[in-house]
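Chain by chain, the residues run as shown.
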Amino acid sequence: MQQPGPIGIFDSGYGGLTILKEIVNKLPQYDYLYLGDSARAPYGNRSFDTVYHYTLQCVNWFFKQGCSLVILACNTASAKALRTIQQNDLPRIAPGKRVLGVIRPTAEIIGNFSETESVGVLATTGTVMSESYPMEIAKFFPEIKVYQEACPMWVPLVENNEYESDGADYFIKKNLRTIFEKGEDIDVILLACTHYPLLKAKIEEYLPVGVKLLSQGEIVAASLADYLHRHPEIESRCRKNGQREFYTTDSTADFDNHASTFFGEKLQSRHVDLDAAIS
Ligand code: DGL
């Protein structure tokens, strides 16, 4: 029987920290191991193949660190890599381990927030092109109309600390105008990228009155709590010392600077060279 290990939390960079923050709030007793693949971020405009290969390499690294459960706290990786990893890779490389994403837990409940049966999804180009949200939401709420808008400038604005700049206002107004032109009766807007909660204050300024803004942190945290409750065989393999460790594939100084904004408290990361660590 394998020793219990931390729960792995993965993102292309910092965004997953907005999810980890809510997970730690809800489930502080577990150990968490965070990996941000900042050296290769953003993933949002990359091909399916590239995102899949990068994500699989990171998942393998988590498994090597003793994780039995890994959360892809990145919509782009969840959209482009999760299904292949779950269906093709896991049965071969680690049949007893689990990898979960952030799209399904969101799709399972989003319809409960809409009275007009129209929701807007703001995401990276990769997530929008994958059509994952319309497909997953249709499984749980077939009557809901889903309008999507790719916001390719939002992640770079956040990554470059420009999320309070006039440039951010320009792109937020532009993308919101377009999505409400597509679906006039949208009454719920989902921030379907883990970087976007940092733009929340500005987005709220430009949102039509009465439209609800949803981000995924609390949704994913509640869904993880439920999953662990329903799967004692996985839960028993998750270590519970309340510890957190952070790794980045890029500079730790940059990561630590940015990370506190996303995570809400100061942290110290370590560097990992994935090629050396996996070989
Ligand atoms: N945080 C990622 C997401 O939720 C996107 C960032 C990126 O483009 O790498 O989709």
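To be clear, the structure that these remarks concern was listed above.
Just so it is clear, the structure is predicted and the values come from calculations on it, not from any experiment. (Residues numbered from 1 in each chain as written. Predicted model: local features only at pLDDT ≥ 70, side-chain atom pairs only at ≥ 80, totals over all residues. Heavy atoms only, no water.)

A. Representation of the packing of aromatic side chains within the structure. Under the criterion given, the structure shown has 11 aromatic pairs. Judged by centre distance (5.5 Å) and plane angle (25°), the rings of Tyr14 and Phe262 are stacked. Here the residue Tyr14 occupies a position in the loop between strand S1 (7–11) and helix H1 (16–26), and Phe262 occupies one in helix H13 (residues 252–263), the gap between them amounting to 248 residues. For the pair Tyr14 and Phe262, a shared accessibility class is recorded, and that class is buried. (Phe/Tyr/Trp six-rings, centres within 6.5 Å; stacked < 30°, edge-to-face > 60°. Helix = DSSP H or I, 4+ residues; strand = E, 2+ residues; numbered from the N terminus. Buried < 20%, exposed > 50% of the residue type's maximum accessible area, 1.4 Å probe, protein only.)

B. View of the sheet that holds strand S7 (residues 188–191). Taken in spatial order, the 4 strands line up as S6-S5-S7-S8 in an open sheet, and their pairing is parallel. Edge positions in the open sheet fall to strand S6 (145–150) and strand S8 (212–214), since each of these has one partner strand only. Averaged over all adjacent pairs, the angle separating strand axes in this sheet is 20°, with direction ignored. When S7 meets S8, the two strands line up parallel, connected through 3 bridges. If you follow Leu190 over to S8, its bridge partner there is Leu214. Helix H9 (residues 166–182) contacts strand S5 (118–123), S6 and S7 of the sheet and is inclined by roughly 155° relative to S6. (Pairing = 2+ DSSP bridges. Axes fitted to C-alpha atoms, helices over the stretch in contact; angles between N-to-C directions. Contact = heavy atoms within 4.5 Å.)

C. Highlighting the site of the ligand. Residues in close proximity to the ligand total 13 residues, the closest being Ser12, Tyr43, Gly44, Thr76 and Thr194. In this structure, a nitrogen atom belonging to the ligand sits 3.0 Å away from a side-chain N or O atom of His195. By residue class, the composition of the shell around the ligand is 5 nonpolar, 7 polar and 1 charged. (Near = heavy atom within 4 Å. Polar contact = N/O pair within 3.5 Å; in protein donor to acceptor, adjacent residues only side chain to side chain. Nonpolar A, V, L, I, M, F, W, Y, C, P; charged D, E, K, R; others polar.)

D. The sheet that holds S1, seen in detail. Taken together, the 6 strands give an open sheet; going across it, the order is S4-S3-S1-S2-S9-S10, and neighbouring strands pair in parallel fashion. Each edge of the open sheet carries a strand with a single partner, namely strand S4 (98–100) and strand S10 (269–271). Going from strand to strand, the sheet's axes swing by 25° on average, the running direction of each strand aside. In this structure, S1 lies alongside strand S2 (residues 32–36), joined through 5 bridges in parallel fashion. Note on S2: the bridge partner recorded for Ile9 is Tyr34. Here H1 sits on the sheet and contacts S1, S2 and strand S9 (244–248); the angle it forms with S2, its principal contact strand, is near 170°.

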